[in-house]
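Observations on the three-dimensional arrangement
Read off the chains here:
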Amino acid sequence: MNDSRRHRASTRALRLYALLIAVFGLALLVLGIRLALVGGSWYYAAMGLATIASGGLIWRGHRAGIAVFGLATLATIAWSLWEVGLDGWALIPRLAWLAVLGFVLLAFWPVTLRQLPGLDRRLYGAAAGVLPLVAALLIAMPIFFPRAVELASPQLAAARAPEAFSKGTVASPDGNVAASHDASSWTSYGGSNLSNKFSPSSQITPQNVKTLEEAWHFRTGDLKPDDADYAYAFQSTPLMIDRTLYVCTPSQIVIALDAATGTEKWRFDPQADRKAMANIAASTCRGVAYHEAPAAGTEACRARILVPVVDGRLGAIDAKTGALCIQFGQGGFVDLNEGTGNTLPGFVAPTSPPLVMRGVVIIGTGQIADGEERAAPSGVVRGYDAVTGAQRWAWDLGRHDANAALAPGEVYTRGTPNVWSLLAGDDELGLVYLPTGNPASDFYGADRSELEDEYTASLVALDAATGRKRWHFRTVNHDLWDFDLSPQPNLVDFPSAQGTRPAVVQATKNGQVYVLDRATGEPIRPVVEVPVPQHVDTEERIAPTQPLSPGMPNTVGRPDKKMEVLRESHAWGITPLDQLLCRTEFRQLRYEGAYTPPTLQGSLAFAGNHGGINWGGISIDVQRGIMIMNSNRLPYTEQLFTREEIDEMGVRSVFRGVSERPAYMPQVGSKYGALKKPWMSVLNTPCIAPPWGYISGTDLRTQEIIWRRPLGTGYDSGPLGVPSRLKLEMGTPNNSGSVTTAGGLTFIGASLDRFLRAFDTETGELLWDVRLPAGAQANPMSYEIDGRQYVVAAVGGHERMETRLGDSVIAWALPRR
């Protein structure tokens, strides 16, 4: 190709690029005007005009096009810093596009100088090189050297006086194995009934954790079938008793493993109803319970595993052989559907393990399908004889006597708040602590009874032997946000002005952490009623105030004692175009701060339905007095629809046929249906800038956060589902929790990337991570055998979290000497 043809081709390329700049500016102008018309920032429209002018002038061969581009870039840098400061993630949609446009324009250097007569080279270099470089550095520097990672000083950790927050061992009157645990066991879901998710083992330390290696790797074989019409979530935290590990899989199979080698001892498949598995959000089994009966004439089933089954059964299995304990209930199972009036598979679906105390197995009806039908099965909680399976008591809001039997044809009160998450218990006080959910219509409550309102999202203490209520504490007034109490309560000894008090620490989805006296329910840390938004466009009644716990850290947004309030400037995207759509949606949604109620207009909820803290809960290093919490920073949109709109859209209960819009919640029996979803952009990324998830450590002595950092990277996720393969600590939504150890370490998976991590509990420093074959959406645990400490996690992913599925149970330990 001769010089003239090359010149013509390069000239056409420059003009085409100038046209692309103008077209991009046109898109900015159109979307910017749309944003301005709904009360948003005018800047995008102005920037759109400037970009059109720049592209048009360059296309026409005017050097002023470069000057306009440079001035627009300079103005945008100044505006961006004014709006969001030195936040690299927030600057991406504001500055990255200008950096890219500028660098490409700079690459046209010889062509541009030839086609734009009189263009000053210094102006060109500044506009297309220096300013775009400044924009790129403003993005990159805070991301690669993040201010969001705030670690504690090792000197402060060394100066903290030791003060035990739990004895760790409980003198159980009936010798209940689940009452406590030592370094060689893990007797209940959270380590023991105290549920602190703390291991007394101290062999693995901050100094040697980098040498951890895989000790064994077991594959359960329970992979999702190709033809399955249900979702899988491997969320099990195993038990470890007498050198045996007990784990349950998404399809409810219970497997016993040699805890030192990972070798299978036995497995039991309860043949869960596949229809029930399809009718719940995701088929899962978070764990099992253990009971050891007093010495009897036979050893068969003296030690037993109690397993929840999602089709509404509670089974008992011999802990040594895996054989069904046929004397328990009817042939080894208790039917939890009995007395609820339920005939629909999966409408009564226990997914969390029961709790054993005073010879009683205590379990709720489980995961009552949210938002499907107002007249759902009862949220009754029942206690069964741990040996025979005979019902001892039933706690039902509509019945005052927990020991009274149902009359023929009678059912427990329908639609009442359920208990689906994890329980805790004080074996000395004989109290079991129940975190309750909502009535079945989560986002509309005008038809609720006074009792339903009183016990929604409440912590309830029952006498484990009789089922009689001792006290309750409500964490949300007239809950309209699905802020059910999903984190497991933690039982600690808490310092107060009156001395050390037995306390229950209750974290919540709504961003609060409450500290209550576990004998009386009286707040140990102050609780205040704070006015909240009142606007609503339905017949809904709104609680005028909400109970907040200002003396404890908040779990929403960047963990702090103040709740983060969203503004339009928080709206985010990968490009300015998807960010503009999010900003416009922010202006169109109703948002007046925390507890903005759901509306027909559509509302923004922050904290969202996922929390705050979800079912993974918090862990507490009871020797150091440090509380570890991983939290989410992900707003949700919530919108109500009239019954007529719901019917016209073909929205049906999952129990009444195929719904044409399965994401919607019909709330059959209530006046309104609903739609809840994470606030996401068109590129399938959250509409607010990272971090989207945090982990932090709080000193319980002072109730001050001593360290915090984003949890998770975008290594396995990204826009439109394309993984970034970058280990940038951006913080992702997370599901499950952590375990702390006496060695001073916190182990956690939970995030959307496939890593298990170890942090220094006192400083927050990341000391170790390991690549996993699947997602780690299960709480890890730890124990010691023959002087060797193991850290174990179920690694099988969560389909609704879009993490890779698998069937692994993996143990890590220090190399053998």
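Note that the structure is predicted; figures quoted are calculated from it, not measured.

**Focus: the state of the cysteines**
For the structure shown, the criterion picks out 3 disulfides. Disulfide partner of cysteine 582: cysteine 687, at an S-S distance of 1.9 Å. Its S-S torsion of approximately -55° makes the covalent link between cysteine 582 and cysteine 687 left-handed. Residue cysteine 582 is found in helix H10 (residues 576–588), and its partner cysteine 687 is found in the loop between strand S28 (672–678) and strand S29 (693–699); the two are separated by 105 residues along the sequence. A relative accessible area of 0% places cysteine 687 in the buried class. By sequence-ordered numbering of the bonded cysteines, the protein chain has its disulfides arranged as 1-2, 3-4, 5-6.

**Overview of the environment of aspartate 760**
Residue placement: aspartate 760 occurs in strand S33 (residues 755–760). The exposure class assigned to aspartate 760 is buried, which follows from its relative accessible area of 12%. Along the chain, aspartate 760 and arginine 590 lie 170 residues apart, while their C-alpha atoms are 41 Å from each other. Apart from residues lying up to four places away in sequence, aspartate 760 is in contact with Pro206, Trp707, Gly744, Leu745, Glu765 and Leu767. For aspartate 760, the side chain forms a polar contact with the main-chain nitrogen of glutamate 762, separated by 2.8 Å. Among the polar contacts made by the side chain of aspartate 760, one reaches the main-chain amide nitrogen of threonine 763 at a distance of 3.2 Å.

**Some thoughts on the pattern of salt bridges**
Under the definition given, this model contains 41 salt bridges. In this structure, glutamate 454 engages arginine 474 in a salt bridge whose closest nitrogen and oxygen atoms are separated by 2.9 Å. One end of the pair, glutamate 454, is in helix H9 (residues 450–455); the other, arginine 474, is in strand S18 (residues 469–474), with 20 residues separating them in the sequence. A salt bridge links arginine 709 to glutamate 729, with the nearest nitrogen and oxygen atoms 2.7 Å apart. Linking arginine 709 in strand S30 (residues 704–710) with glutamate 729 in the loop between S30 and strand S31 (738–741), this pair joins segments that are 20 residues apart in sequence.

**Some remarks on the packing of aromatic side chains**
Evaluated as defined, the whole model comprises 26 aromatic pairs. When the centroid spacing of 4.3 Å and the interplanar angle of 5° are considered together, the rings of tyrosine 43 and tryptophan 79 count as stacked. Of the two residues, tyrosine 43 sits in helix H2 (residues 43–59) while tryptophan 79 sits in helix H3 (residues 64–84), which places them 36 residues apart along the sequence. Here tyrosine 43 and tryptophan 79 have matching classes, each one buried. Ring geometry for phenylalanine 586 versus tryptophan 679: centroids 6.2 Å apart, planes at 35°, classification tilted. Placement of the pair is phenylalanine 586 in helix H10 and tryptophan 679 in the loop between S28 and S29, with a sequence separation of 93 residues. Summarising the burial analysis for this pair, phenylalanine 586 and tryptophan 679 share the class buried. What links up through ring pairs into an aromatic cluster is the set Trp42, Tyr43, Tyr44 and Trp79.

Criteria and cut-off values
Residues numbered from 1 in each chain as written. Predicted model: local features only at pLDDT ≥ 70, side-chain atom pairs only at ≥ 80, totals over all residues. Heavy atoms only, no water. Disulfide = S-S within 2.5 Å. Helix = DSSP H or I, 4+ residues; strand = E, 2+ residues; numbered from the N terminus. Buried < 20%, exposed > 50% of the residue type's maximum accessible area, 1.4 Å probe, protein only. Contact = heavy atoms within 4.5 Å. Polar contact = N/O pair within 3.5 Å; in protein donor to acceptor, adjacent residues only side chain to side chain. Salt bridge = Lys/Arg side-chain N within 4 Å of Asp/Glu carboxyl O. Phe/Tyr/Trp six-rings, centres within 6.5 Å; stacked < 30°, edge-to-face > 60°.

It is worth stressing that arrangement in space is one thing and function is another; only the former is reported here.
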